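Examination of the molecular architecture
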Amino acid sequence: FFQLLICFSLFTASDLEFIKGEVSKQLGIRLDEKNSAVEITGSSLGKTFSSQLIKAVIIAFLFMAIVVVILFRAFVPAFAVIFAAFADILGTFTVLSLLDVKISTAGIAAFLMLIGYSVDTDILLTARVLKRKEKPFYERFTEAMKTGLTMTFASFAAFLVAYIFVISPILKEIFLILTIGLFFDTINTWMFNASILKIYLDKKDKESKR
């Protein structure tokens, strides 16, 4: 039993018969109602699916923000984590726009993955810097950076190699987004977020000494 999935925005009955004829030639059998079925996905359904994925990204971002605020219970560190994740998405989207890359539903799923990667490194940095107070700031920062950059560079290398060698355009789009996103995540985590945390801790130390 064979099922044909037709995903064209515009097609006629003759186009459908032509496709069935070509499939029949390749398989060496005659397709009819008993051994095959045709399923058509229209453009309106595709648009609905895309809008739902975009909503999923927004909802995931909001829940991530809530979890970060509850975890650290301080506005400045939580804001730094959330803003770094937002900057990763914005920077990646800007580069894709400059490269004239069309983002599909698979690309939106890649942005969801990127949020996870961004929050992972930012929380690693913030947790180690804020909670290991027995060590100097730069020692805590260095330890976090060694772990974080090892994770990031390993993922970056894997995504870059996959992007070069995979054939599927969908997978290429996902790996391209993740590769660009990790580049921005490195900058936003270890430069922007770390700087915000240093200023925040210095201010707290001055207030405690008064």
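Just above, that's the structure.
In short, a report on the structure. Every value quoted in this text rests on a predicted model; they were computed, and no experiment measured them.

**A closer look at helix 3 (residues 75-98)**
End to end, helix 3 covers 34 Å across 24 residues, agreeing with the expected 34 Å (1.5 Å per residue, within 8%). Positive backbone phi, at 60 degrees, marks Asp100, one or two positions downstream of helix 3.

**Quick notes on unusual backbone geometry**
Residues other than glycine seldom take positive phi values, yet Asp100 does so here, at roughly 60 degrees. The residue Asp100 is located in the loop between helix 3 and helix 4 (105-131) in this model.

**What to know about the packing of aromatic side chains**
Summed over the entire model, instances satisfying the criterion amount to nine aromatic pairs. Taken together, a centroid distance of 5.9 Å and an interplanar angle of 20 degrees make the contact between Phe75 and Phe79 stacked. Separated by four residues within a single helix, Phe75 and Phe79 lie in helix 3, roughly one turn from each other. For Phe75, a relative accessible area of 66% translates into the label exposed. Ring centres 5.2 Å apart and planes at 45 degrees place the aromatic pair Phe83 and Phe192 in the tilted group. Of this pair, Phe83 sits in helix 3 while Phe192 sits in helix 6 (residues 169-209), and the two are 109 residues apart along the sequence. For Phe83, a relative accessible area of 36% gives the class partly exposed. For Phe192, a relative accessible area of 26% gives the class partly exposed. Between the NZ or CZ atom of Lys172 and the centre of the ring of Tyr163, over which it lies, the distance is 4.6 Å. If you follow Lys198 out to its NZ or CZ, it ends over the ring of Phe137, 5.7 Å from the centre.

**So, the layout of surface pockets**
Of the pockets and cavities examined, the largest pocket occupies roughly 340 Å³. Taken together, Ile54, Val57, Ile58, Phe61, Leu62, Phe86, Ile89, Leu90, Phe93, Ile103, Ile108 and Phe111 form the lining of the largest pocket. Counting residues per element, the lining of the largest pocket draws most heavily on helix 2 (residues 43-72), which supplies five residues. Looking at the lining of the largest pocket residue by residue, the classes come out as 12 nonpolar, no polar and no charged. In terms of lining residues, the second largest pocket is bounded by 13 residues, among which Val129, Leu130, Lys133, Arg140 and Leu201 are the most central. Going through the elements one at a time, helix 4, helix 5 (137-165) and helix 6 are the ones with two or more residues in the lining of the second largest pocket.

**Description of the pattern of salt bridges**
Charged atoms that come close allow side chains of opposite charge to pair. On inspection of all chains with the given rule, the structure shows three salt bridges. A salt bridge links Lys135 to Glu143; the shortest N-O distance between them is 2.8 Å. Of the residues examined, Lys135 reaches a relative accessible area of 26% and is grouped as partly exposed. Asp202 serves as the salt-bridge partner of Lys198, at 2.6 Å between the closest nitrogen and oxygen. Highlighted residues: Lys198 and Asp202, both in helix 6, separated by four residues, approximately one helical turn.

Rules used in this analysis
Residues numbered from 1 in each chain as written. Predicted model: local features only at pLDDT ≥ 70, side-chain atom pairs only at ≥ 80, totals over all residues. Heavy atoms only, no water. Helix = DSSP H or I, 4+ residues; strand = E, 2+ residues; numbered from the N terminus. Expected span 1.5 Å × (residues − 1). Phe/Tyr/Trp six-rings, centres within 6.5 Å; stacked < 30°, edge-to-face > 60°. Buried < 20%, exposed > 50% of the residue type's maximum accessible area, 1.4 Å probe, protein only. Lys NZ or Arg CZ within 6 Å of the ring centre and 35° of its normal. 1 Å grid on protein atoms, 1.4 Å probe; cavity = no way out; pocket = protein on both sides within 12 Å on 5 of 7 lines; lining within 4 Å. Points joined across faces, edges and corners; volume = space filled by probe spheres on them. Nonpolar A, V, L, I, M, F, W, Y, C, P; charged D, E, K, R; others polar. Salt bridge = Lys/Arg side-chain N within 4 Å of Asp/Glu carboxyl O.

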